[in-house]
Amino acid sequence: MAEQAGATQRRYRDEAHAIHARDVHFDFDSVPMHYVPGEALATHIVNVMHLVLPEGERAMAQALAEALPHIDDERLREEVTGFIGQETMHANSHEAARAHLRSIGLDVDSYVGKVAWLVDRILGDHGLTGRAREEWLKERLGLFAGMEHYTAVLGEWLLNADILEEKGMHPAMLDLVRWHGAEEVEHRSVVYDAFMHIDGSYARKARTAILASATLLPLFIVSTAYLYRKDPSPQKGRCWGLQFWSATRRGVIPKWTVFVTEMPRYLRPGFHPSQLGPMDKALRYLAHSPAARAAHR
């Protein structure tokens, strides 16, 4: 698969930071149903990560693994390999959190099964061959590059959301989402650069970015509503819509408008994820994450 005329000419070896999977250990045994105290809705927005991300990240890792034979830049190949390892670790960690929530009464199995089926039907390789397989790989890489832009932006938000500590969010869950968010910031360029290396079409980038935005926002809303409905606790409150508005206003959760306001930046000609800002805070967190330290005891 040749590099297309519209692809970036930036050689990936110019990036000095190496991506690699980290061993982590999270202890969820003492995590309650509402681990952001007094914030049932905010808790379930975080829970969406446990339901949706494991399947989506495995599909992303599969697409990147399919892309590896088409990447002739050794530096980029190394980063893609590291990215696949990180995504696999994310999926496993969120599955462990999901298992704990199931053990304390949050029934999510039927929804997780539907998500797994949907991801496989939409984002799988479909058994295609030849040119059709190559074109479908490019399409998936474009879609995942758009999604990774949003996860990097949300990762930055998680690293800077001091209100989560102020609200008393359970340390294990806080560490999980900040560790994950920090790695999203760390590897924010990898899928984008893989897409640009293999295809680089601006038309495909724009189309798949719009599709990513139009998919993620409804998915978060539907998944949050499902979790809220399945929450067996009488302390969850009555109206999740009002809780959503209140939590957004107080900064307990990110603004949903990010799925709209980030689009012009991503679609700007010459944009690259490295322009999102420094990753120093993310790297510092990864160096001192309690889960990373626990894994090496």
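Heads up: these notes are all about the structure in this document.

1. Topic: the overall build of the chain
Along its length, the chain carries 13 helices and zero strands. Helices and strands appear in the chain in the N-to-C order α-α-α-α-α-α-α-α-α-α-α-α-α. In terms of overall size, the chain behaves like a compact globule, its C-alpha atoms giving a radius of gyration of 19 Å where 297 residues would be expected to give roughly 19 Å. Counting only C-alpha atoms and orienting by the principal axes, one finds that the chain spans roughly 60 × 40 × 35 Å. A total of 297 residues make up the chain; the buried ones form 54% of that total. Pairs at least 24 apart in sequence give 83% of the contacts found in the chain among residues at least 6 apart.

2. Regarding the packing of helix 1 (residues 40-67) against helix 2 (residues 74-103)
At a closest axis distance of 8 Å, the pairing of helix 1 and helix 2 adopts a crossing angle of 155 degrees. Classified by the angle their axes make, helix 1 and helix 2 are roughly antiparallel. In this structure, the crossing between helix 1 and helix 2 has a hand that is left-handed. Classifying every residue of the contact of helix 1 with helix 2 by side-chain character gives 14 nonpolar, five polar and six charged.

3. What about the packing of aromatic side chains?
In the structure shown here, the tally under the stated rule is eight aromatic pairs. Centroid distance Phe26 to Phe28: 5.8 Å. Interplanar angle 10 degrees. Geometry classified as stacked. Each member of the aromatic cluster is reached from another via a ring pair, and the members are Phe26, Phe28 and Trp179. Looking at Lys205, its charged tip hangs above the ring of Tyr266, at a distance of 4.9 Å from the centre. For the cation-ring pair, Lys236 lies above Tyr228, with the distance from its terminal atom to the ring centre recorded as 5.1 Å.

4. Some details on unusual backbone geometry
Residue His126 is not a glycine yet carries a positive backbone phi of 60 degrees. Secondary-structure assignment places His126 in the loop between helix 3 (109-123) and helix 4 (130-160).

5. Structural notes on the pattern of salt bridges
One pass over the structure, following the stated rule, counts 22 salt bridges. Two residues, Lys167 and Glu39, come together in a salt bridge whose shortest N-O distance is 3.1 Å. Residue Lys167 is found in the loop between helix 5 (162-166) and helix 6 (171-186), and its partner Glu39 is found in the segment before helix 1; the two are separated by 128 residues along the sequence. We classify Glu39 as buried; its relative accessible area is 6%. Several salt bridges converge on common partners, so that one network encompasses Arg131, Glu135, Lys138, Glu139, Asp199, Arg204 and Arg207.

6. A few points about a nonpolar patch on the surface
A surface patch of nonpolar side chains, amounting to about 310 Å² of accessible area, comprises Trp117, Leu118 and Ile122. Of note, Ile122 is situated in helix 3.

7. Overview of the packing of helix 1 against helix 6
Close contact between helix 1 and helix 6 brings their axes to 12 Å; oriented N to C, the two are set at 45 degrees. Taken together, the axis directions place helix 1 and helix 6 in an arrangement best described as oblique. In terms of crossing hand, the pair formed by helix 1 and helix 6 is left-handed. Contact residues: Val46, Met49, His50, Leu53 and Glu57 in helix 1; Met173, Leu176, Val177, His180 and Glu184 in helix 6. Of the residues assigned to the contact of helix 1 with helix 6, the class counts are six nonpolar, two polar and two charged.

8. Remarks on the nonpolar core
By size, the foremost hydrophobic cluster in this structure holds 84 residues, and its most contacted members are Leu64, Val80 and Met169. It is helix 4 that provides the largest number of residues to this core, a total of 12 residues. With sequence-adjacent residues up to four places away left out, Met169 is seen in contact with Tyr35, Val36, Pro37, Val46, Leu164, Leu174 and Val177. Counting seven residues, the second largest nonpolar core, distinct from the first, contains Ala42, Ala247, Val252 and Ile253.

About the cut-offs
Residues numbered from 1 in each chain as written. Predicted model: local features only at pLDDT ≥ 70, side-chain atom pairs only at ≥ 80, totals over all residues. Heavy atoms only, no water. Helix = DSSP H or I, 4+ residues; strand = E, 2+ residues; numbered from the N terminus. Rg over C-alpha atoms; globule rule 2.2 N^0.38 Å. Buried < 20%, exposed > 50% of the residue type's maximum accessible area, 1.4 Å probe, protein only. Contact = heavy atoms within 4.5 Å. Axes fitted to C-alpha atoms, helices over the stretch in contact; angles between N-to-C directions. Parallel < 35°, antiparallel > 145°, perpendicular 65-115°, else oblique. Left-handed = near helix turned anticlockwise from the far one by under 90°. Nonpolar A, V, L, I, M, F, W, Y, C, P; charged D, E, K, R; others polar. Phe/Tyr/Trp six-rings, centres within 6.5 Å; stacked < 30°, edge-to-face > 60°. Lys NZ or Arg CZ within 6 Å of the ring centre and 35° of its normal. Salt bridge = Lys/Arg side-chain N within 4 Å of Asp/Glu carboxyl O. Patch = residues over 30% accessible without salt bridge, like charges linked within 9 Å, V, L, I, M, F, W, Y side chains within 5 Å. Areas by Shrake-Rupley, 256 points an atom, 1.4 Å probe, with all protein chains shown as cover. Core = buried A, V, L, I, M, F, W, Y, C linked by side-chain atoms within 4.5 Å.

Interpretation note: all reported values are geometric properties and have no functional meaning in isolation.
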